[in-house]
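Results of the structural survey
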Amino acid sequence: MKKFLMITLLLICGMSFAAAQGKADIKFDQLEHDFGTFSEATPVQNTTFTFTNVGNAPLVINQVVASCGCVVSKYDKQPIMPGKKGSISVRYNGTGKFAGHFKKTITVFSNAKVEMTRLSIEGTMTEKK
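Residues numbered from 1 in each chain as written. Predicted model: local features only at pLDDT ≥ 70, side-chain atom pairs only at ≥ 80, totals over all residues. Heavy atoms only, no water.

Check the secondary structure of the protein chain and you find one helix and eight strands. Each helix and strand of the protein chain, ordered N terminal to C terminal, gives the series α-β-β-β-β-β-β-β-β. Relative to its full complement of 129 residues, the protein chain shows a buried share of 30%. Summed over all atoms, the accessible surface of the protein chain reaches about 8,400 Å², with 58% contributed by carbon and sulfur. (Helix = DSSP H or I, 4+ residues; strand = E, 2+ residues; numbered from the N terminus. Buried < 20%, exposed > 50% of the residue type's maximum accessible area, 1.4 Å probe, protein only. Areas by Shrake-Rupley, 256 points an atom, 1.4 Å probe, with all protein chains shown as cover.)

Quick look at the structure:
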């Protein structure tokens, strides 16, 4: 009976140790970007979110989804090795949108410990004079 309990305990410890190994982890330099105030005359605004793989396995960005069709993103499709940086470029296009304040989210899905991360952009577009 003691042997059975000891083997079971060792198996559980070994499996939990193995599960903790080899996981990617993502750390963004910033989660929010404020474009400030800009005119309808220049409705397209760009920013880049930079991140680092702080885990010990390759990081893969599976998908990046914006909350609105006015936001387009481009991201690294190749795996990001541990300790290396990657980026997500975001473009807001306010053409045809009403002037005023906006706040949009970009959801990043990856193989990191936390599989979903939300980024946000905001700003205020003023009327063209």
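A few words now on the confidence of the model for the protein chain. On average, residues of the protein chain score 89 in pLDDT, and 84% of them are at 70 or above. Here helix α1 (residues 2-20) is the element of the protein chain with the lowest mean pLDDT, 57, and strand β3 (residues 44-53) is the one with the highest, 98. (pLDDT = per-residue confidence, 0-100.)

Let's shift gears to the packing of aromatic side chains. Under the criterion given, the structure shown has five aromatic pairs. Centroid distance Phe38 to Phe102: 6.1 Å. Interplanar angle 75°. Geometry classified as edge-to-face. Taken together, the residues Phe38 in strand β2 (residues 32-39) and Phe102 in strand β7 (residues 100-110) connect sequence positions 64 residues apart. Chaining the aromatic ring pairs together yields one cluster made of Phe35, Phe38, Tyr92 and Phe102. Note that Lys77 overlies the ring of Tyr75, its terminal NZ or CZ placed 4.0 Å from the centroid. (Phe/Tyr/Trp six-rings, centres within 6.5 Å; stacked < 30°, edge-to-face > 60°. Lys NZ or Arg CZ within 6 Å of the ring centre and 35° of its normal.)

With that settled, the discussion passes to the sheet that holds strand β4 (residues 61-66). Strand order in this open sheet of four strands is β2-β8-β7-β4, and the pairing throughout is mixed. The open sheet has two edge strands with one neighbour each: β2 and β4. Neighbour-to-neighbour, the strand axes of this sheet turn through a mean angle of 20°, independent of strand direction. Where β2 lies against strand β8 (residues 116-126), six bridges are found, and the strand directions are parallel. If you follow Phe38 over to β8, its bridge partner there is Met125. (Pairing = 2+ DSSP bridges. Axes fitted to C-alpha atoms, helices over the stretch in contact; angles between N-to-C directions.)

This next bit is on the sheet that holds strand β5 (residues 71-75). Ordered by their spatial adjacency, four strands build an open sheet running β1-β3-β6-β5, and the pairing between neighbours is antiparallel. What marks the edges here is a single partner per strand, and that holds for β1 (26-28) and β5. Here the strands of the sheet are splayed against their neighbours by 25° on average, with no regard to which way each runs. Both β1 and β3 contribute to a ladder of three bridges, which runs antiparallel. Counted as the bridge partner of Lys27 is Thr52 from β3.

Attention now moves to the nonpolar core. Phe28, Phe51, Ile88, Tyr92 and Ile121 are the most contacted members of the largest nonpolar core, which totals 25 residues. When neighbours within four sequence positions are excluded, Ile121 is seen to be in contact with His33, Phe35, Thr47, Phe49, Val71, Val90, Tyr92, Phe102, Lys103, Lys104 and Ile106. (Core = buried A, V, L, I, M, F, W, Y, C linked by side-chain atoms within 4.5 Å. Contact = heavy atoms within 4.5 Å.)

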